[in-house]
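# An overview of the molecular structure
Chain by chain, the residues run as shown.
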Amino acid sequence: MKSKVYLETFGCQMNVADTERAATGLRKSGYDLAASADDAEVVLLNTCSVRERAERKVFRRIAEIRSQSKRAGRQKPLIGVMGCVAQLEGAAIFADAPAVDLIIGTRATDRIPSLIERAQGGEAAVIDLDERQEGEVWDVSPTERRSPYVALVPIIEGCNKFCSFCIVPYSRGREKSRSALEIVAEVSRLRSLGYKEVQLIGQNVNSYRPKLQHGLESFPGATSFSRLLRAVAATGMERIKFTTSFPRDFHPDIVCALEEFPNLCDWIHLPVQSGSNRILKAMRRGHSAEDYCQRIDGIKQAKRRLAITSDIIVGFPGESDADFESTMRLVEKCRYDGLFIFKYSRRAGTPAASLEDEISESEKTARFLALEQLQESIQERIYADYVGKQLSVLVEKQSARSSDDMTGHSTCHKVVNFRANQTQPGAVVDVLITQAKPYSLYGDLMTSGSVN
Ligand code: 5AD
Ligand code: SF4
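Figured I'd write up the structure that's included with this text.

The rules behind each value
Residues numbered from 1 in each chain as written. Chains lettered and ligands numbered in written order. Predicted model: local features only at pLDDT ≥ 70, side-chain atom pairs only at ≥ 80, totals over all residues. Heavy atoms only, no water. Helix = DSSP H or I, 4+ residues; strand = E, 2+ residues; numbered from the N terminus. Rg over C-alpha atoms; globule rule 2.2 N^0.38 Å. Buried < 20%, exposed > 50% of the residue type's maximum accessible area, 1.4 Å probe, protein only. Contact = heavy atoms within 4.5 Å. Areas by Shrake-Rupley, 256 points an atom, 1.4 Å probe, with all protein chains shown as cover. Lys, Arg positive; Asp, Glu negative; His and termini not counted. Charge placed at Lys NZ, Arg CZ, Asp CG, Glu CD. Near = heavy atom within 4 Å. Polar contact = N/O pair within 3.5 Å; in protein donor to acceptor, adjacent residues only side chain to side chain. Nonpolar A, V, L, I, M, F, W, Y, C, P; charged D, E, K, R; others polar. 1 Å grid on protein atoms, 1.4 Å probe; cavity = no way out; pocket = protein on both sides within 12 Å on 5 of 7 lines; lining within 4 Å. Points joined across faces, edges and corners; volume = space filled by probe spheres on them. Core = buried A, V, L, I, M, F, W, Y, C linked by side-chain atoms within 4.5 Å. Pairing = 2+ DSSP bridges. Axes fitted to C-alpha atoms, helices over the stretch in contact; angles between N-to-C directions. Expected span 1.5 Å × (residues − 1). Arc of directions from axis to C-beta.

Regarding its fold elements, the chain presents 13 helices and 19 strands. Taking 22 Å as the expected radius of gyration for a compact globule of 452 residues, we find that the chain reaches 23 Å, a close match to that expectation. Considering the chain as a whole, with its 452 residues, one finds that 55% of them fall into the buried category. Across the chain, the fraction of contacts at a sequence separation of at least 24, relative to all contacts at a separation of at least 6, is 71%. Surface exposure of the chain reaches about 19,700 Å², of which carbon and sulfur atoms provide 50%. When the 61 basic and 59 acidic side-chain charges of the chain are each reduced to a single mean position, those positions are 0 Å apart.

In this section: the site of ligand 1. Surveying the vicinity of ligand 1 reveals the residues Val50, Arg51, Phe165, Gln273, Asp311, Ile313, Phe342, Lys343, Tyr344, Ser345 and Arg347. Taking Arg51, its side chain carries an N or O atom lying 2.9 Å from an oxygen atom of ligand 1. Here a nitrogen atom of ligand 1 sits 2.8 Å away from a polar atom, N or O, in the main chain of Ser345. Protein chains shield 85% of the accessible area of ligand 1, which is 400 Å² for the free molecule. Elements represented by at least two residues in the shell around ligand 1 include exactly strand S13 (307-314) and strand S14 (338-343).

A separate point is the site of ligand 2. Neighbouring residues of ligand 2: Cys159, Lys161, Phe162, Cys163, Phe165, Cys166, Val168, Pro169, Gln203, Asn204, Phe246 and Arg285. By residue class, the composition of the shell around ligand 2 is 8 nonpolar, 2 polar and 2 charged.

Here we take up the layout of surface pockets. Computed from the structure, the second largest pocket encloses a volume of approximately 680 Å³. If you trace the second largest pocket, you find 26 residues lining it, with Lys176, Ser177, Arg178, Ser179 and Lys211 closest to the centre. Listed by contribution, the elements that provide at least two residues to the lining of the second largest pocket are strand S8 (156-157), strand S9 (176-177) and helix H7 (180-192).

Taken as a whole, this structure holds 1 cavity of 30 Å³ or more when the rule is applied. The wall of the largest cavity is formed by Ala37, Asp38, Ile65, Gln68, Ser69, Arg74 and Pro77. Split into classes, the residues belonging to the lining of the largest cavity amount to 3 nonpolar, 2 polar and 2 charged.

By size, the foremost hydrophobic cluster in this structure holds 73 residues, and its most contacted members are Ile155, Val198, Leu200, Leu229, Phe242, Tyr336 and Leu371. Ranked by residue count, the leading element in this core is helix H8 (residues 224-233), at 6 residues. In this structure, Cys48, Ile62, Ile93 and Ile103 belong to the second largest nonpolar core, which totals 22 residues.

Between Thr243 and Thr244 the backbone carries a cis peptide bond, its omega angle lying at 10 degrees. Within the element layout of this structure, Thr244 appears in the loop between strand S11 (239-243) and helix H9 (253-260). Positioned with a positive phi, Gln273 is a non-glycine residue whose angle comes to about 75 degrees. Topologically, Gln273 is positioned in the loop between strand S12 (267-269) and helix H10 (277-282).

Attention now goes to the sheet that holds S13. Ordered by their spatial adjacency, 3 strands build an open sheet running S12-S13-S14, and the pairing between neighbours is parallel. Since the sheet does not close on itself, it has two edges, and those belong to S12 and S14, each with one partner. Averaged over all neighbouring strand pairs, the angle between strand axes comes to 15 degrees, with direction disregarded. By the bridge criterion, 6 bridges tie S13 to S14 in an arrangement that is parallel. Across the sheet, the residue bridging to Thr309 is Gly338, located in S14.

Once that is clear, we can look at helix H2 (residues 52-71). Between the first and last C-alpha of H2 there are 29 Å, a value that for 20 residues agrees with the 28 Å anticipated at 1.5 Å per step. All of the buried residues in H2 are Ala54, Glu55, Val58, Arg61, Ile62, Ile65 and Ser69. For H2, the buried positions fall inside an angular range of 110 degrees around the axis, keeping them on one side. Opposite its buried face, H2 presents the exposed residues Arg53, Arg60, Lys70 and Arg71, each directed more than 90 degrees away. Turning to H2, the residues buried within the fold contact strand S1 (4-9), strand S3 (42-47), strand S4 (78-83), helix H3 (84-89) and strand S5 (100-104).

If you want it as structure tokens, here you go:
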């Protein structure tokens, strides 16, 4: 009888997808998966290092697991660190957190079962920071997926962009695209299993560049990514979303594909990071504010309205009041449906780490709040415009706020709540929006929808 393993995930969707893949491999090798750390002989933490706070969380969690097992008079579980912190810190983690037995890099997912075996066999400080093996397929069993309706489908791993603030190219390595044949086959399989939505994921999905064009032959398009979008749309999957897009590689043909296929959803996440050309240059983004706004104009001219969301970093080293003001003006111009704002966090090993981090924490907070307030006022008007309109909603679960309400996401990726406690999760329903809240919409059910 093999041990019970508990997998805990921090960070982005790529980590969620990698955990699903790890769980699939563990089950195949005969391991059981536990529902909590208390219940497990092996605890694996899939970690994030994009900002300092995320990284600190992991070390707190390791201490917590250790003290909990001590308090309960149980043997400390075998503790493994996987994901970005593992890849970046490597063996240094053993010194910083002696409770850790196992370090699993971002490309070692498929080797986890044998790494656990080695650690359980008495080998100390087991570590694997190697590359994925040639020919590895992204195999995820439906039972290990987080949702039975929405599936994450990685299409590209890693990043070649080296934005000066970002640790991802170091933690996730170079861009590696999955074969289109494999992706399309996976989406078709998910459709036959009853999934209603796939989210094609990657650090930069629109930089998708497979070695071979296999699977894309019958699909026209200006780039491999827009051809892939058409190929995935042709599977008939009900809803297809994709995230994240990188501005410099955002070809207008992506918008053409969205116009051709209604199952390609009306939402684009296109992070700008700053509205100041001086800062964009220091960030090494490879685009100016004008290039970016031109792309946004193209998206806004689409035949159907496409929701746009973005990420912005405030307090990058050297960001002046005037630079921040340019960011505010860009946000006013772009009128985003949603915005993720981050305070700059210095990441050792990145080019920006050697710049003096001269923006004080209080200044970062002030800029964060000012930008948040501006976004809220824009968002309020955008959300208010939905009142009286009908949205197609994939029902996910009962609302946490009220047991009479169900909650889900629209095709434009907004949270929609509605009164209808008989509606089954997994149904796609039409909801007439009656009320706009700051971060969600509320409405009445129009159709009963189907779950099959
Ligand atoms: N500090 C703050 N935010 C960061 N991001 C990436 N690196 C950093 C950093 N060092 C943000 C970017 C990116 C999002 C996923 O995280 O806005 O788009
Ligand atoms: Fe980081 Fe830039 Fe790559 Fe995005 S594109 S993951 S911000 S380096």
